[in-house]
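What follows is the residue order along each chain.
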Amino acid sequence: MTSGPEPAALAWAANAVRPGAKIQSVRGMREGGNPWRLRLSHRGTETEAVLKTASAPDGFATELAALRLAELRGLPAPRIIAVDETGASAGTYAVVETVVPGHSRIPTVGTPGRLAAIGAAAAGLHGTPMAATAELPLRTRPIPATDFAAERRAGTDRTTPLLDAAQAFVDGLARPAGDTVLVHGDLWQGNIMWAGDVVTGLLDWDMAGVGHPGVDLSSVRLDAALMFGSDAAGAVRAAWEDTRGRPADDVPYWDAVAALNQPGDLATFAPVMHDQGRTDLTGHLLNERRDAFLRAALAELGFER
């Protein structure tokens, strides 16, 4: 662990899982930190759970609302064991969740089965139209917690002529209309748990909301292109369409939105990908793949430089 949860949070989590349980081990699950996988024992029986803490209520409330909806709909996700929504018990906002079996390691080759499973998992979220709520607000881009376009305009993030020209073009387009559905908001392979090529669960719902299905579909198409090359994105789309039983709408627009809401230099994200086993991915390679994905979307949208 780079740092551990507060002792009060650990004590609260252990009691929430099973009164009298004792913490046997704590393992940071994201680059050695939050969330933490707990191994507990009680009268000779061992069990596991995941403790997530948050310092602010907004993303925490979103995660809880999304997980409750996921359970209601039978979606593959952790189930809530207990919640401290006030911070009174643990000194921070905290939730204890079930452990999703499998792993989130990303292979160097995207098999057809894996790519199909990614597209099908995204499609599984998008079956029921729903309106935005306070806890699940409207999302118009993936990774809504950060506006990378605004950071580039402010000069606080690197930019390139391609990114600037593409952003100006996309900003001039009308956002596609249509029914809004549940979207995960940060759907990439690092937030997907696997057993072989089978998806066992989707993690980290703090950026969830409602929006066009393209918010998630293009997010995982871009992720597949970054991890495996541009051809992988087509297989993800095909699986989404096969699962939903209809063509995906406005894919070039949402592809461009997904590519533009990334750091100007994807070397910023490389450590997160390295943490999932893809130490072969350099910032240079990621930037090349992102730009190729963006150019393909712009060409379909009729952009000319």
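Just above, that's the structure.
So, a few notes on the structure that sits alongside this text. (Residues numbered from 1 in each chain as written. Predicted model: local features only at pLDDT ≥ 70, side-chain atom pairs only at ≥ 80, totals over all residues. Heavy atoms only, no water.)

1. Considering the side chain of Arg-290
Then step 1. Structurally, Arg-290 can be placed in helix α10 (residues 283-301).
Then step 2. Overall, the relative accessible area of 1% leaves Arg-290 in the buried class.
Then step 3. A polar contact of 2.9 Å, which involves the side chain of Arg-290, links it to the backbone oxygen of Gly-264.
Then step 4. For Arg-290, the residues in contact, after removing those within four places along its chain, are Leu-163, Leu-226, Ala-259, Gln-262, Pro-263, Gly-264 and Leu-266. (Helix = DSSP H or I, 4+ residues; strand = E, 2+ residues; numbered from the N terminus. Buried < 20%, exposed > 50% of the residue type's maximum accessible area, 1.4 Å probe, protein only. Polar contact = N/O pair within 3.5 Å; in protein donor to acceptor, adjacent residues only side chain to side chain. Contact = heavy atoms within 4.5 Å.)

2. Quick notes on the pattern of salt bridges
Then step 1. Here the structure, examined in full by the defined rule, presents ten salt bridges.
Then step 2. We note a salt bridge from Arg-39 to Glu-46, for which the minimum N-O separation is 2.9 Å.
Then step 3. On the basis of relative accessibility, which here comes to 28%, the residue Arg-39 falls in the partly exposed class.
Then step 4. Notably, a salt bridge pairs Asp-249 with Arg-246, separated by 3.4 Å at the nearest N-O pair.
Then step 5. Among the ionic contacts, a cluster of salt bridges with common partners joins Lys-52, Glu-63 and Asp-204. (Salt bridge = Lys/Arg side-chain N within 4 Å of Asp/Glu carboxyl O.)

3. Observations regarding unusual backbone geometry
Residues apart from glycine generally show negative phi values, whereas peptide bonds are mostly found in trans.
Then step 1. With an omega of 5°, the peptide bond between Asn-34 and Pro-35 qualifies as cis.
Then step 2. With respect to the helices, strands and loops of the structure, Pro-35 is situated in strand β2 (residues 33-42).
Then step 3. Unlike most non-glycine residues, Asp-204 shows phi in positive territory, near 55°.
Then step 4. Residue Asp-204 is classed as buried on the basis of its relative accessible area of 16%.

4. Description of the pairing of strand β8 (residues 198-202)
Then step 1. Here strand β7 (residues 192-195) runs beside β8; their pairing, made up of four bridges, is antiparallel. Following the sheet pairing, Ala-195 is matched in β8 by Val-198.
Then step 2. A loop of two residues connects β7 with β8, the two strands running antiparallel in sequence, and Gly-196 in this loop sits at a positive phi of about 65°. (Pairing = 2+ DSSP bridges.)

5. What about the environment of His-284?
Then step 1. Counting through the fold element by element, His-284 comes out in helix α10.
Then step 2. As a C-alpha pair, His-284 and Ser-218 span 66 residues in sequence and 21 Å in three-dimensional space.

6. A closer look at the packing of helix α5 (residues 161-171) against helix α8 (residues 251-260)
Then step 1. Two elements in contact, α5 and α8, have axes whose closest approach is 11 Å; the angle formed by their N-to-C orientations is 135°. Regarding the angle of α5 to α8, the classification is oblique. When you trace α5 past α8, the crossing you get is left-handed. From α5, Leu-163, Ala-166, Gln-167 and Val-170 reach across to α8, where they touch Tyr-253, Ala-256, Val-257 and Leu-260.
Then step 2. A per-class count over the contact of α5 with α8 returns seven nonpolar, one polar and no charged. (Axes fitted to C-alpha atoms, helices over the stretch in contact; angles between N-to-C directions. Parallel < 35°, antiparallel > 145°, perpendicular 65-115°, else oblique. Left-handed = near helix turned anticlockwise from the far one by under 90°. Nonpolar A, V, L, I, M, F, W, Y, C, P; charged D, E, K, R; others polar.)

7. A closer look at the nonpolar core
Nonpolar side chains in soluble globular proteins generally cluster together in the buried interior.
Then step 1. Grouped together as the largest cluster of nonpolar side chains are 65 residues, with contacts concentrated most on Leu-202, Trp-205 and Leu-294.
Then step 2. Considering every element that reaches this core, the biggest residue donor is helix α6 (residues 214-228), with nine residues.
Then step 3. Membership of the second largest hydrophobic core comes to 14 residues, among which are Trp-12, Ala-21, Ala-49 and Ala-94. (Core = buried A, V, L, I, M, F, W, Y, C linked by side-chain atoms within 4.5 Å.)

8. Quick look at the packing of helix α3 (residues 112-124) against α6
Then step 1. In the contact formed by α3 and α6, the axes pass within 10 Å of each other and the chain directions differ by 160°. Taken together, the axis directions place α3 and α6 in an arrangement best described as roughly antiparallel. In the packing of α3 onto α6, the handedness of the crossing is right-handed. On α6, the residues that touch Arg-114, Leu-115, Ile-118 and Ala-122 of α3 are Val-220, Ala-224 and Phe-228.
Then step 2. Classifying every residue of the contact of α3 with α6 by side-chain character gives six nonpolar, no polar and one charged.

9. Focus: the sheet that holds strand β1 (residues 22-30)
Then step 1. Pairing in this open sheet of five strands is antiparallel, and the strands run β1-β2-β3-β5-β4 from one edge to the other. Across the chains shown, the open sheet's two edge strands, defined by having one partner strand only, are β1 and β4 (80-84). Here the average twist between neighbouring strands, direction ignored, is 25°.
Then step 2. In terms of strand pairing, β2 meets strand β3 (residues 45-54) through seven bridges, oriented antiparallel.

All quantities given are derived from atomic positions and should not be read as evidence of function.
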